Amino acid sequence: MLSPRKVRHRKVFKGKLRGTAQRGSSISFGEYALKATSSGKMTAQQIEAARVAINRKIKRGGKVWIRVFPDKPVTKKPAETRMGKGKGSPEFWVAPIKPGRILYELAGVDEELAVRALTLAGNKLPFSTKVISKRSTL
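Residues numbered from 1 in each chain as written. Predicted model: local features only at pLDDT ≥ 70, side-chain atom pairs only at ≥ 80, totals over all residues. Heavy atoms only, no water.

Colleague: Can you explain the packing of aromatic side chains? Please cite residues and give values.
Modeller: Within this structure, the stated rule accounts for one aromatic pair. Here Phe29 and Trp65 contribute two aromatic rings whose centre-to-centre distance is 5.8 Å and whose plane-to-plane angle is 15 degrees, an arrangement assigned as stacked. Placement of Phe29 in the segment before β1 (32-36) and of Trp65 in strand β3 (residues 63-66) is noted, with a sequence separation of 36 residues between them. Overall, the relative accessible area of 21% leaves Trp65 in the partly exposed class. (Phe/Tyr/Trp six-rings, centres within 6.5 Å; stacked < 30°, edge-to-face > 60°. Helix = DSSP H or I, 4+ residues; strand = E, 2+ residues; numbered from the N terminus. Buried < 20%, exposed > 50% of the residue type's maximum accessible area, 1.4 Å probe, protein only.)

In structure tokens form, the structure reads like this:
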């Protein structure tokens, strides 16, 4: 699973996912992309599951770019623990996603296969997505 090697702070605030993505909102590397249309948190496991789905669909024919990285720790307190006594320990890593963020890019495959692969990946994620292309025929 993806996780940072080293972080400045072990625990961070929850934060808010308001507004639209300013950075990472245009296609930079490939021809087709999966774009988020709503906000949410994407765990390292979900990033990996969507990547595996894309690779299986295209049968390693094209090139895939992952444009998100889980760099925010989510903490959890143990089950059946009383309130108080501080914040829980970090459990997993997430990437905060705002609407308009490009999640995956794909190149080197035909349009029909790219759309099917990226749609399949979008079904693995906890928020709504759409497939876009550089030529914007979709």
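Colleague: Report on the sheet that holds strand β5 (residues 89-97), specifying residues and quantitative values.
Modeller: Ordered by their spatial adjacency, three strands build an open sheet running β2-β5-β4, and the pairing between neighbours is antiparallel. With one partner strand each, in any of the chains shown, β2 (40-43) and β4 (72-76) form the two edges of the open sheet. Between one strand and the next, the sheet's axes are offset by a mean angle of 50 degrees, whatever the strand orientation. Note that β4 and β5 share five bridges and pair antiparallel. Bridged to Val74 within β5 is Phe92. (Pairing = 2+ DSSP bridges. Axes fitted to C-alpha atoms, helices over the stretch in contact; angles between N-to-C directions.)

Colleague: Describe the sheet that holds strand β7 (residues 129-133), and please don't skip the residues or the numbers.
Modeller: Overall, antiparallel pairing links the four strands, which are arranged β3-β6-β1-β7 in an open sheet. A strand with exactly one partner marks an edge of an open sheet, and here the two such strands are β3 and β7. Across the sheet, the mean angle separating the axes of adjacent strands is 20 degrees when strand polarity is ignored. Where β1 and strand β6 (residues 102-107) come together, four bridges link them in antiparallel fashion. By the bridge assignment, Lys35 is partnered in β6 with Ile102. Helix α1 (residues 44-58) rests against β3 and β6 of the sheet, and its axis sits at about 20 degrees to β6. Against the sheet, helix α2 (residues 111-122) engages β1, β6 and β7, with an angle of about 25 degrees to β1. (Contact = heavy atoms within 4.5 Å.)

Colleague: Before we move on, could you go through α2 and cite the residues and values that matter?
Modeller: Look at α2: 16 Å from first C-alpha to last across 12 residues, which is about the 16 Å you get at 1.5 Å a residue. For α2, every residue scored as buried is listed here: Leu113, Ala114, Ala117, Leu118, Ala121 and Gly122. Buried residues of α2, seen end-on, are gathered within an arc of 170 degrees and therefore sit on one face of the element. Where the residues of α2 are buried, they touch β1, α1, β6 and β7. (Expected span 1.5 Å × (residues − 1). Arc of directions from axis to C-beta.)

Colleague: Help me get a handle on α1, residues and values and all.
Modeller: Between the first and last C-alpha of α1 there are 22 Å, a value that for 15 residues agrees with the 21 Å anticipated at 1.5 Å per step. Taken as a whole, α1 has its buried residues at Ala44, Ile47, Ala50, Ala53, Ile54 and Ile58. Where α1 is buried, its residues contact β2, β3, β5, β6 and α2. After α1 finishes, the residue Lys59 shows a positive phi value of roughly 50 degrees.

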